[in-house]
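Summary of structural features
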Amino acid sequence: MPPGGRMGGPLGGQYLTEEEKANQPKVTPELLKRVFSYLKPYTKQLILVLFCIIVSSFLSLLPSILTGRILDEGLLNKDLRALVFYISLSLAVTLGASLIGVAQTYINTWIAQHITFDMRNQMYKHLQNMSQRFFTSNNQGDIITRMTSDIDGVKAVITNTFSSILSNSITLIIAMIAMFQKNWILALVGIVIVPLFTLPTRSAGKKRWKLTNESQQVNDEVNGILNETLSVSGQLLVKLFGKEKYEYDKYEKANRRMIGLNIKESMAGRWFIVILTTFTSVGPMLIYLVGGILMMKYDSSLTIGDITVLVALLGRMYMPVNSLLNMQVEWIRSMALFKRIFDYFDIPVEIKNADDAVIPEKVKGDVVFEHVEFSYDPSKKILKDINFTLNAGKSIAIVGPSGSGKSTIVNLIPRLYDVDSGSVTFDGVDVRKLDLRFLRDKVGVVSQETYLFNGTVRENLLYAKPDATEDDMIDALKKANIWDFIEKQEKGLDTEVGNRGLKLSGGEKQRISIARIILKDPTIFIFDEATSALDSISEKKIQDAIDPIIKSKTSILIAHRLSTILAADEILVVKDGMIAERGTHKELLGKEGVYRELYETQFCKAIMEDDGVSELEQYIWGTQPADEPAAED
Ligand code: ADP
């Protein structure tokens, strides 16, 4: 065997990292059963692959076996016809094995692609059923990794790991059977030699792997020093503190360590090849020796061809044995991969449609909170005994300090979360008993963080109402006070909003999302007003868009601006997860409580900062605002 020629893949990655070792999954029959359940729909194709593997393994070993015939019957017998025949047969067989290999790769890839296709769809569906809690408590990157790289990993497991285990085991079994058939003593000698060859190469590989890791670390360290000290501010610090020598010494030391490690690493590679060459030649030599002794002294039936076949077969065993030994690592990794994916599948669906979910025939829009308690995590109660009634056609403004639980209250209405105790009812029916799609259809939310999908204005509007006509859309945009802007765009409704609406200003995005909700025309409107300050013109436009809704529709607003608050029929003041006060603006101002404090610190300040003092006065004294010319955002 040529040194390094059949040693499987590169050494890197053949050993488990400490982290992988610590997280090794327990391979239970259940886990295996679950893994294989994904293969089950493709049983027919799998049988075909297995068949291909068996045939191609056998065919690829056949030339080694035929070398015996070439020697004994062709060369030693001086029979040219036999020689040509066996050589041709060998070539044909090799070609056959390769052709079957092609088919095998195709079927294998086909199966792997189909399995990952199934898995991806299943995972996407599952993730869509996950609650808001899941998305807020999991890192988005992790979720996407699970969907992409982990599931891609499965593809690699099926195309590489599984088929490699199968084909190597089969090759090994066939090679052993063939060896024992030729001569059991020589077969035994060969089998004893295999571990002698594989074990030292493994330990050399392990050492090299360790060195590679170590030099990687030093490399990171060196890069760290460079990044830190060669940056503008880093250099400034070095200069001002006169630390040039100190930093140089640090750099030189790390650099020196790296040289040492790199030399060691290259040498480990050399030793590795020395060991490899020695052991690969020891095997055949031993068989020649024992075979020669047997042939000369004991067993006259053993031919030169037989011995050559045994040597050739032995050569064919190294690679499968080595791969199989490495497979242990691959296997653990594969199982860990499946376990990670299954763990995701096993996260229970928190918010789901009740079995006996109802779809009411008539919809009014009364919402009642009764003794509602809620917490995101059990250790910290967020909402305590929340009670209020929102009658159809009325509006409620929720105000309170940041973090007091205002958004949490409104999140309970479309069931982004479920209450811990108490109840939220919609037209007298507990929201948990309502059909989820019906409920979410009836509740429209304009959230603080407006989210527009990457696409055109039209596409974003159609998301809310797929059958909306052009006129419907224009009407909604007009109501949302954004049609003027859209109309002026070259592409009108087909203007691209950019990724997450980034091509638009905050105010424009808000108003498009208001138009979207107007198109959806829900029974209950929820506005979670943006805390971040928009310029006063944008604010006014938004205000003008939502005012008529607040006045004519059932609505809840989380308000930060006095003007919005004043438009509502009732004001709830939330503090520390409780309703501290409730009433109208006038009643609350008279109370000298939380509302008054908020009014003086927050609302007044916000208005004073604008040039909207007159607006405040208008609301407080009830005068009509003067007509302002519409300005652009
Ligand atoms: P507000 O809308 O009044 O600013 P929120 O309802 O957003 O307040 O938040 C109330 C409390 O709940 C805060 O302490 C906040 O940190 C916490 N909170 C909000 N969302 C989550 C979440 N998804 N997971 C855990 N805690 C949360």
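How each quantity is defined
Residues numbered from 1 in each chain as written. Predicted model: local features only at pLDDT ≥ 70, side-chain atom pairs only at ≥ 80, totals over all residues. Heavy atoms only, no water. Near = heavy atom within 4 Å. Polar contact = N/O pair within 3.5 Å; in protein donor to acceptor, adjacent residues only side chain to side chain. Areas by Shrake-Rupley, 256 points an atom, 1.4 Å probe, with all protein chains shown as cover. Helix = DSSP H or I, 4+ residues; strand = E, 2+ residues; numbered from the N terminus. Nonpolar A, V, L, I, M, F, W, Y, C, P; charged D, E, K, R; others polar. Pairing = 2+ DSSP bridges. Buried < 20%, exposed > 50% of the residue type's maximum accessible area, 1.4 Å probe, protein only. Domains from an automatic or database assignment. Contact = heavy atoms within 4.5 Å. Buried area = accessible area lost by both parts, 1.4 Å probe. Salt bridge = Lys/Arg side-chain N within 4 Å of Asp/Glu carboxyl O. Core = buried A, V, L, I, M, F, W, Y, C linked by side-chain atoms within 4.5 Å. Axes fitted to C-alpha atoms, helices over the stretch in contact; angles between N-to-C directions. Parallel < 35°, antiparallel > 145°, perpendicular 65-115°, else oblique. Left-handed = near helix turned anticlockwise from the far one by under 90°. Arc of directions from axis to C-beta. Patch = residues over 30% accessible without salt bridge, like charges linked within 9 Å, V, L, I, M, F, W, Y side chains within 5 Å. Phe/Tyr/Trp six-rings, centres within 6.5 Å; stacked < 30°, edge-to-face > 60°.

**A short note on the site of the ligand**
- Neighbouring the ligand are 13 residues, the closest being G403, G405, K406, S407 and T408.
- In the model, an oxygen atom of the ligand is placed 2.7 Å from a nitrogen or oxygen of the G403 main chain.
- Within the side chain of T408, an N or O atom sits 2.4 Å from an oxygen atom of the ligand.
- Summarising the interface, the protein chains cover 65% of the accessible area of the ligand, which totals 550 Å² for the free molecule.
- The element that contributes the greatest number of residues to the shell around the ligand is helix 11 (residues 406-411), accounting for 3 residues.
- Per-class residue counts for the shell around the ligand are 4 nonpolar, 7 polar and 2 charged.

**With respect to the sheet that holds strand 2 (residues 383-390)**
- As summarised here, the arrangement of the 4 strands in space is 2-1-4-5, forming an open sheet in which the pairing is antiparallel. Because the sheet does not close on itself, it has two edges, and the strands there are strand 2 and strand 5 (429-430).
- By the bridge criterion, 2 bridges tie strand 4 (residues 421-426) to strand 5 in an arrangement that is antiparallel. If you follow T425 over to strand 5, its bridge partner there is D430.

**Some details on the pairing of strand 3 (residues 395-399)**
- Among the 5 residues that make up strand 3, 5 are buried, leaving the element largely enclosed by the rest of the structure.
- Burial of strand 3 is two-sided: the residues S395, A397 and V399 facing one way and the residues I396 and I398 facing the other way are all buried.
- Where strand 3 lies against strand 8 (residues 554-558), 4 bridges are found, and the strand directions are parallel. Its bridge partner lying in strand 8, I398 is registered against I558.

**Things to note about the domain arrangement of the protein**
- Per the domain assignment, the segments making up the protein are domain 1 (26-118 + 128-183 + 319-350), domain 2 (184-301) and domain 3 (352-442 + 524-530 + 560-624).
- Just the C-alpha atoms count here: the centres of domain 1 and domain 3 sit 59 Å apart.
- Taken together, the 6 residues of domain 1 in the interface contact 6 residues of domain 3.
- Taken over both partners, the interface formed by domain 1 and domain 3 buries close to 510 Å², and the fraction arising from carbon and sulfur atoms is 45%.
- At the surface where domain 1 touches domain 3, the tally comes to 0 salt bridges.
- At the boundary of domain 1 and domain 3, one finds 1 residue pair in polar contact (both at pLDDT 80 or more).
- When grouped by side-chain class, the residues that make up the side of domain 1 that touches domain 3 number 1 nonpolar, 3 polar and 2 charged.

**As for the environment of Q510**
- Tracing the backbone through its elements, the reader meets Q510 in helix 16 (residues 506-520).
- Residues Q510 and I482, spaced 28 residues apart in sequence, show a C-alpha to C-alpha distance of 9.5 Å.

**Focus on the nonpolar core**
- In terms of nonpolar packing, the biggest core is built from 55 residues, with M119, I341 and F342 touching the most fellow members.
- Looking at this core, the elements that each hand over two or more residues are helix 2 (29-39), helix 3 (43-76), helix 4 (80-128), helix 6 (140-182), helix 7 (184-229), helix 9 (244-298) and helix 10 (304-345).
- Two domains each put at least three residues into this core: domain 1 (26-118 + 128-183 + 319-350) and domain 2 (184-301).
- V446, I512, L519 and A567 belong to the second-largest nonpolar core, a separate cluster that totals 46 residues.

**Considering the pattern of salt bridges**
- Here the structure, examined in full by the defined rule, presents 24 salt bridges.
- Among the salt bridges present, the one from K245 reaches D249, with a minimum N-O distance of 2.8 Å. One end of the pair is K245 and the other is D249, both in helix 9 and 4 residues apart, which spans about a single turn.
- Between E330 and R333 there is a salt bridge; the shortest N-O distance is 3.7 Å. Taken as a pair, E330 and R333 lie in helix 10 at a separation of 3 residues, close to a single helical turn.

**Quick look at the packing of helix 16 against helix 17 (residues 536-552)**
- Interaxial distance between helix 16 and helix 17 falls to 9 Å at its minimum, and their mutual angle equals 15°. What the angle tells us is that helix 16 and helix 17 run roughly parallel. Considering only the axes of helix 16 and helix 17, their crossing is left-handed. Together, G507, Q510, R511, I514 and I518 of helix 16 and S538, K541, I542, A545, I546 and I549 of helix 17 make up the contact between the two elements.
- Grouping the amino acids of the contact of helix 16 with helix 17 by side-chain chemistry returns 6 nonpolar, 3 polar and 2 charged.

**Re the sheet that holds strand 7 (residues 524-528)**
- The 6 strands are arranged 6-7-8-3-9-10 in an open sheet whose pairing can be described as mixed. Two strands bound the open sheet, and with one partner strand each, they are strand 6 (443-446) and strand 10 (578-583). For this sheet, the mean inter-axis angle between neighbouring strands, taken without regard to orientation, is 20°.
- Pairing of strand 9 (residues 570-575) with strand 10 involves 5 bridges; the strand directions are antiparallel. Across the sheet, the residue bridging to V573 is E581, located in strand 10.

**Points about helix 2**
- Of the residues making up helix 2, those classed as buried are L31, V35, Y38 and L39. Buried residues in helix 2, looked at end-on, bunch into an arc of 115°, giving them a common side. Residues of helix 2 that are exposed and point more than 90 degrees away from the buried face comprise P29, E30 and K33.
- Looking at the packing, one finds that the buried side of helix 2 touches helix 3, helix 4, helix 6 and helix 10.

**Concerning the packing of helix 3 against helix 10**
- At a minimum axis separation of 8 Å, helix 3 and helix 10 run at an interaxial angle of 160°. Compared by their axis directions, helix 3 and helix 10 come out roughly antiparallel. Between helix 3 and helix 10 lies a crossing whose hand is right-handed. Residues S60, L61, S64, I65, T67, G68, L71, D72 and L76 of helix 3 form the contact with helix 10, whose participating residues are I304, G305, D306, T308, V309, A312, L313 and R316.
- Within the contact of helix 3 with helix 10, the residues separate by chemical class into 8 nonpolar, 6 polar and 3 charged.

**Focus: a nonpolar patch on the surface**
- A contiguous nonpolar surface patch, about 510 Å² in accessible area, is contributed by I259, I263, M267, W271 and V274.
- By the element assignment, I259 lies in helix 9.

**Remarks on the packing of aromatic side chains**
- Within this structure, the stated rule accounts for 16 aromatic pairs.
- Aromatic side chains F374 and Y417 sit 5.6 Å apart centroid to centroid with 65° between the ring planes, which places their arrangement in the edge-to-face category. Of this pair, F374 sits in strand 1 (residues 367-374) while Y417 is found in the loop between helix 11 and strand 4, placing the two residues 43 residues apart along the sequence. Like Y417, F374 is buried.
- For the ring pair Y451 and F453, a centre distance of 5.5 Å and an interplane angle of 75° mean the geometry is edge-to-face.

**Comments concerning the environment of N326**
- Relative to the assigned elements, N326 resides in helix 10.
- Look at N326 and you get buried, because its relative accessible area is 11%.
- Note: C-alpha distance between N326 and F426 (100 residues apart in sequence) is 61 Å.

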